[in-house]
Amino acid sequence: PPAPTVTYAIMGAPTTDGLKASVKVAGAQSVRLRSGSNHSPAATVDSDGWAQPAITGLPAFTTATLDVEITEADGHTTLVTGALTGKTAPVEGVPTSFKFAAVSCFEDTTSITTVSNAGSFTRMKARNPDLVFLTGDMPYGDNSSTLQAAHRVDTETMLAYSPALRALLSGAVVVPQQSDHDFGPNNSFPGAQTPGNRAAYRQVWPMHSLPSSSGQYRAFTYGRVRFIVTDTRSFAAPDGSTRLGATQKAWFKTELQRSEPVKIWVQEAIWIDDNPGEPGGDKWQDFAAEKAELGAFIASSAVGQVVTVTGDQHALAADDGTNNPWGGFPSFCAAP
């Protein structure tokens, strides 16, 4: 039979001593990550070829090149060297310089060229970011299917399309997030597609532990910075009364009051927007009461400096807080 191979490899979920990967392999029963003589526990490969091994015992804030050890059903092993590269997190509370990238809105792959894509992802990787935030619409599936497999194939199609994107995702630590086009149809909120979509998202993307089985929100500390990744899709109410839902909103406020001196709120929807709200819309202005509530809370009760990083609007943007009457904090929007 042909030798087992790594089809896709994604690096993610950094801790001070470890990393988690998501890999798709052919012809394997289990996989392990290896760094020199250190190796992870074996992770079982699912029926679609995906597995998420996690390695620990690595030095803090150190770039590790990881091999993938593939074990077949008969016990035979194959080592794929240098399949992944990622940096562990710095020690919490210690002042540390680092850099991160953010990107959004990987358009329908039929409407853009390989050349323009490869240039964007190649230039991003060349800047050697320690973290890469995908702020949604990666990819444009617009998929209303209830089947997990259909949503998984959307992401696999995106990965197959761009070698430069694959090099970025396997060569830097990735923090993914969803917007509407990769959550379901355009402007989508919870619907029949949600359970299958959520299962596929967790199958493919390596993430830190999730506080809720019903959503994708989570947070992690990186040196003296607390990154707070919210889920603005899974709990939204059709009447516009809440976008985060009561449980996530309470969690979010608690996160904002932690001791880290900087909080970076990573979200898919732009924050600075004074266009009128629309019934059933998917912008923050369509959830005006909750937006005002959160802005007031951040201004009065958040600990340290809050900054938000967003996507979705297909433009590069930055504001120092001057044009943000909803909390007064800086805002950066990732380019498509």
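Values in this document were obtained by computation on a predicted structure and should not be read as measured data. (Residues numbered from 1 in each chain as written. Predicted model: local features only at pLDDT ≥ 70, side-chain atom pairs only at ≥ 80, totals over all residues. Heavy atoms only, no water.)

Student: What's the story with the pairing of strand β12 (residues 173-177) in this structure? I'm lost.
Tutor: Note on strand geometry: in a regular strand, side chains alternate between the two faces of the sheet. Among the 5 residues in β12, 5 count as buried, and that is most of the element. Where strand β11 (residues 131-135) and β12 come together, 5 bridges link them in parallel fashion. By the bridge assignment, Val132 is partnered in β12 with Val174. (Buried < 20%, exposed > 50% of the residue type's maximum accessible area, 1.4 Å probe, protein only. Helix = DSSP H or I, 4+ residues; strand = E, 2+ residues; numbered from the N terminus. Pairing = 2+ DSSP bridges.)

Student: Just to check I follow, could you spell out the layout of surface pockets for this structure?
Tutor: Estimated volume of the second largest pocket: approximately 160 Å³. In this structure, the second largest pocket is lined by Thr63, Thr85, Gly86, Lys87, Lys125, Asn128, Pro129, Asp130, Gly171, Ala172 and Val173. Considering every element that reaches the lining of the second largest pocket, the biggest residue donor is strand β9 (residues 77-87), with 3 residues. (1 Å grid on protein atoms, 1.4 Å probe; cavity = no way out; pocket = protein on both sides within 12 Å on 5 of 7 lines; lining within 4 Å. Points joined across faces, edges and corners; volume = space filled by probe spheres on them.)

Student: Before we go on, may I ask you to explain the pattern of salt bridges in this structure?
Tutor: Side chains carrying opposite charge are able to pair once their charged atoms draw close together. Counted by the stated rule, this structure contains 14 salt bridges. With a closest N to O distance of 3.0 Å, Glu290 and Lys249 form a salt bridge. In this pair, Glu290 is assigned in helix α6 (residues 288-301) and Lys249 in helix α5 (residues 246-256), connecting sequence segments 41 residues apart. For Lys249, a relative accessible area of 14% puts it in the buried group. Measuring nitrogen to oxygen at the nearest pair gives 3.0 Å for the salt bridge that ties Glu293 to Lys249. Residue Glu293 is found in helix α6, and its partner Lys249 is found in helix α5; the two are separated by 44 residues along the sequence. Overlapping salt bridges, with partners in common, bring together Lys24, Asp48, Arg152 and Glu156 in one network. (Salt bridge = Lys/Arg side-chain N within 4 Å of Asp/Glu carboxyl O.)

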